[in-house]
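Residue strings, one per chain:
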Amino acid sequence: EPSTPPRRGSYVPISFIAPHTPDFGPSGSLSRDAPSTPSESPVAAGAKSRESPFYMTRRVKRRLSELEASFDFWEGRALPCADLVSGESSVRSVLARILDVKGTTSSVCYMRETESKQEGMQLRKLPHIMYRMSYLEPESPASSSARSCVEEALFPARACVIQSDDDVAYREYVMWPSRRLEMLGENDKTSCSTCMADSIAAMRRHLRENSCVILHYRYRGGEALLEACQATRSVAESDLQICLSLKQSTTGTTEINRVAGSISKGLKLSALCLKLDLFISPTLAKNLSTAELSTLATVVAGFERGLEDLILGWNTDTLFHRYLADLERKFEEAGSGNEAEDLPCDCAGAGAAPRGCCLSLDGLLRRVNCLCARVGCMDTNKIFRALRADAEASAFIQKNSKFFCRSTTRLVVALVGLMYADLALEGGKDRECLYRRMRVLCRTDSRDSFRYEMLVRETLCKGVCGREFVKNEYFFPPRHIPDNYRDVVPASQYDAAADIYPAGVTTYTDLFSDEGLRKVEGRVVELEHKISQRLLPESCYDRSQHWNCVRRTKTFFGARYLWTKEQKSQSSAGKAGGIRLDVPRVPKWVREDVEDPLVRCRVVPENFINSSAVNIYHDGSEGIQSHYDDDSRFARPIVSLRLFSDSRLSFGTQFFGYVNGSFFVPMPRGCITVMEERGYAANGIKHSVRPTDMTAKSVAVI
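Basis of the calculations
- Residues numbered from 1 in each chain as written.
- Predicted model: local features only at pLDDT ≥ 70, side-chain atom pairs only at ≥ 80, totals over all residues.
- Heavy atoms only, no water.
- Helix = DSSP H or I, 4+ residues; strand = E, 2+ residues; numbered from the N terminus.
- Buried < 20%, exposed > 50% of the residue type's maximum accessible area, 1.4 Å probe, protein only.
- Contact = heavy atoms within 4.5 Å.
- Salt bridge = Lys/Arg side-chain N within 4 Å of Asp/Glu carboxyl O.
- Pairing = 2+ DSSP bridges.
- Axes fitted to C-alpha atoms, helices over the stretch in contact; angles between N-to-C directions.
- Parallel < 35°, antiparallel > 145°, perpendicular 65-115°, else oblique.
- Left-handed = near helix turned anticlockwise from the far one by under 90°.
- Nonpolar A, V, L, I, M, F, W, Y, C, P; charged D, E, K, R; others polar.
- Core = buried A, V, L, I, M, F, W, Y, C linked by side-chain atoms within 4.5 Å.
- Phe/Tyr/Trp six-rings, centres within 6.5 Å; stacked < 30°, edge-to-face > 60°.
- Lys NZ or Arg CZ within 6 Å of the ring centre and 35° of its normal.

Draft legend 1. Main features of the overall build of the chain. The number of helices and strands found in the chain is 20 helices and 24 strands. In the chain, which comprises 702 residues, the share counted as buried stands at 53%. Pairs at least 24 residues apart make up 75% of the contacts formed inside the chain by residues separated by at least 6 positions.

Structure representation (structure tokens):
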């Protein structure tokens, strides 16, 4: 994909015109004119013939315009070619390119009931589990059933609009069909109502912060594929839903904020991140074939393409037409600044463009510079020069060259110029600026979800004292294993012929009695008291604080390892592999109350444990980010005991270890978790404890 739009008369590959899009093109559309493979492309073969479909002759320009006009709503964003042909980009086309860079973010998902059994105000259950089948590929080309479904069957449909601060409400709604009619009311924390959705555009009025719009369907299969639910009472019968949820975040404006922050630290823009998913019932997830699931993935991908017009309209109107007009009006109301006759001739008299008109990028830059000159602040030309002079900003732009092509960079600089003028009009008072109330609407690929639903083999065991406990071994589902699995796990550890792929992690439950757990938990409380009274050397514990609240404490006995950024930056950090022995010995209660029962039940070998750590999550609001326990410092197996409340050990999560996980294992109170010596869990993937998987105080003795 070229980093800049091609010049007029140059060759334009189809992959640039419509990247990341399943081939939905009908017979006679662009998909027929374009080469089916790169090897057939005249450009790839070096052909220079004017008969090439990529050569921008007048005949081809006219044909492209006809194709653009004939595209359906769900594939209309595939062709921002009017700007490539004319040589002048519009604001809308540049925003369309940013959407194409993002690619497809939707997927087919299903929900499972939480495994947590704890109850009470202090120990509420862990959230339900969302499984996201991101390994499914949409059909290409789309099947006739998927095409007709997207074109005809999605609307009108009964919609439920849920307004809530967290995801619990909509997960409960999707999880329990029989309770949906009960939820269509109001309470203190959640507003749940129903309406009829006639089109994608009609849903815009329901898209706001902390809202979730759920469209209801019944799965029919075959050519019919889906049937839209229209009566209110039919929502309880829906086994397939399309969900659009929105949350405020700054992750959707990372590139804009990084550029804005290099100009002024106070400039920051927030986003409404839109998550689009197609939920199916667990029964459908179990019974449908891979081909049928891929058809559903194609449907939700087509729905996502239809959303792009809504997103482009929102951002073009909010970020540029409305924002620019509001700033010009604010300047006029302020009644200060340079007079129009003092402005350059190309700026004087530049009035507000009518809303909905096609604003060109060059026209936007002229109007922004005009406003900046009137306000008396830095214009886009000076911002460009400042970015070039800033080594960190330049490195960031070069590193993210897929996003920052020439036209995108100019658009971002124009927006930063507006924000800077906004700040200047308010006398540097950031809280009064209009951009504090603006929201960019963008799609996001981040989900509180997991990719694989693990298979569990339970074995009833009996300890030497006669107490029965359960051994749980975890396996990947057949035909769905991580890409690096065979590179990490020795062939002797799995059976490819039988599709048996162990994850290399085992848990033991009911090994400790409730009385034994209470005894160990009492010892942990005593340890907390000693730390608060500074009765232990500071080298053996590390506390994570937020303001005056301690959220997490790590304590080390027998040995400690250097793990913080400050510790690793020391000149002596590499000595002894980063291991230090300047901590107290392993406490007697750890040896007697934790280690000895594990040795007697043959969970760990005798005389194997030479150190222990106690991780205290004081209120469950802070977990631990994704990390490896590297084999140069940690011998296998790695064993932990969970105390006080239920939790989960997540593997392969992203973004500080909180989203887009690969799989997890439950860790109820009293659970022993073992990551095995030659297993995938210990050696092939990072693990974490997410704050969403703790609802109260939780402790791990490792």
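Draft legend 2. Spatial organisation of the pattern of salt bridges. One pass over the full model with this rule turns up 39 salt bridges. Two residues, R132 and D445, come together in a salt bridge whose shortest N-O distance is 2.8 Å. Here R132, found in strand β2 (residues 129-132), pairs with D445, found in the loop between β9 (439-443) and β10 (455-462); they are 313 residues apart in sequence, far enough to count as distant. In this structure R132 comes out as buried when scored by relative accessible area, which is 6%. The partly exposed category is assigned to D445, whose relative accessible area is 34%.

Draft legend 3. Fine view of the sheet that holds strand β18 (residues 624-627). Strands sit in the order β18-β23-β20-β21 across an open sheet of four strands; the sheet is antiparallel. Because the sheet does not close on itself, it has two edges, and the strands there are β18 and β21 (663-667). The average undirected angle you get between the axes of adjacent strands in this sheet is 20°. Alignment of β18 against strand β23 (residues 687-689), held across two bridges, turns out to be antiparallel. When the bridges of β23 are listed, I624 appears paired with V689.

Draft legend 4. Local environment of the packing of helix α9 (residues 254-263) against helix α14 (residues 391-399). Look at α9 against α14: their axes get within 9 Å of each other, and the N-to-C directions meet at 160°. Judged by the angle between their axes, α9 and α14 are roughly antiparallel. When you trace α9 past α14, the crossing you get is left-handed. Residues T254, E255, R258 and S262 of α9 touch α14, and the partners they reach there are E392, A393 and F396. Across the contact of α9 with α14, the residue classes break down as two nonpolar, two polar and three charged.

Draft legend 5. Quick look at the environment of V524. Along the chain, the position of V524 falls in helix α17 (residues 514-532). For V524, a relative accessible area of 0% corresponds to the buried category. A C-alpha to C-alpha distance of 9.9 Å links V524 and N615, two positions 91 residues apart in sequence. If sequence neighbours within four positions are ignored, V524 has contacts with W589, I616, L643, F644 and V699.

Draft legend 6. Structural detail: the sheet that holds strand β11 (residues 468-476). Taken together, nine strands build an open sheet; the order of strands is β10-β11-β12-β22-β19-β24-β17-β14-β13 and the sheet is antiparallel. A single partner strand is all that each edge strand has here, and the edge strands are β10 and β13 (541-546). Averaged over all adjacent pairs, the angle separating strand axes in this sheet is 20°, with direction ignored. Across the sheet, α17 touches β13, β14 (549-557), β17 (612-617), β19 (638-643) and β24 (698-701), and the angle it forms with β19 is around 90°.

Draft legend 7. Structural view of unusual backbone geometry. Note that the residue after S140, namely P141, is joined by a cis bond; omega there is 5°. Topologically, P141 is positioned in the loop between β2 and α6 (144-153). Across the junction of F155 and P156, the peptide omega takes the value -5°, indicating a cis bond. Tracing the chain through its elements places P156 in the loop between α6 and β3 (157-163). Phi is positive for N210, which is not a glycine, with a value near 65°. With respect to the helices and strands, N210 occurs in the loop between β4 (191-197) and β5 (211-221). A positive phi is found at F644, a non-glycine position, where the angle reads about 75°.

Draft legend 8. Structural detail: the pairing of β19. Most of β19 sits out of view: six of its six residues are buried. Going residue by residue along β19, you find I638, S640 and R642 tucked away on one face and V639, L641 and L643 tucked away on the opposite face as well. Summarising the sheet, β19 and strand β22 (residues 672-675) pair through four bridges and their orientation is antiparallel. Following the sheet pairing, I638 is matched in β22 by M675. In terms of strand pairing, β19 meets β24 through three bridges, oriented antiparallel. Bridge assignment links R642 to a residue of β24, and that residue is A700.

Draft legend 9. Broad picture of the nonpolar core. Membership of the largest hydrophobic core comes to 104 residues, with the highest contact counts inside it found for I280, F303 and L364. Ranked by residues supplied to this core, first place goes to helix α11 (residues 290-334) with 17 residues. Residues in contact with I280, not counting those within four places in the same chain, are V108, C109, Y110, M111, M133, D239, L240, A285, L293 and L296.

Draft legend 10. Representation of the packing of aromatic side chains within the structure. Inspection of every chain in the model, using the stated rule, returns 19 aromatic pairs. Plain terms: the ring middles of F155 and F303 are 6.1 Å apart, the flat faces sit at 25° to each other, and that makes the pair stacked. Of this pair, F155 sits in the loop between α6 and β3 while F303 sits in helix α11; the two residues are 148 residues apart in sequence, bridging distant segments of the chain. For F303, a relative accessible area of 1% corresponds to the buried category. Each member of the aromatic cluster is reached from another via a ring pair, and the members are Y135, Y452, F476, Y485, Y494, Y501, F651, F663 and Y680. The cationic tip of K697 hangs over the ring face of F644; the distance from NZ or CZ to the ring centre is 4.4 Å.

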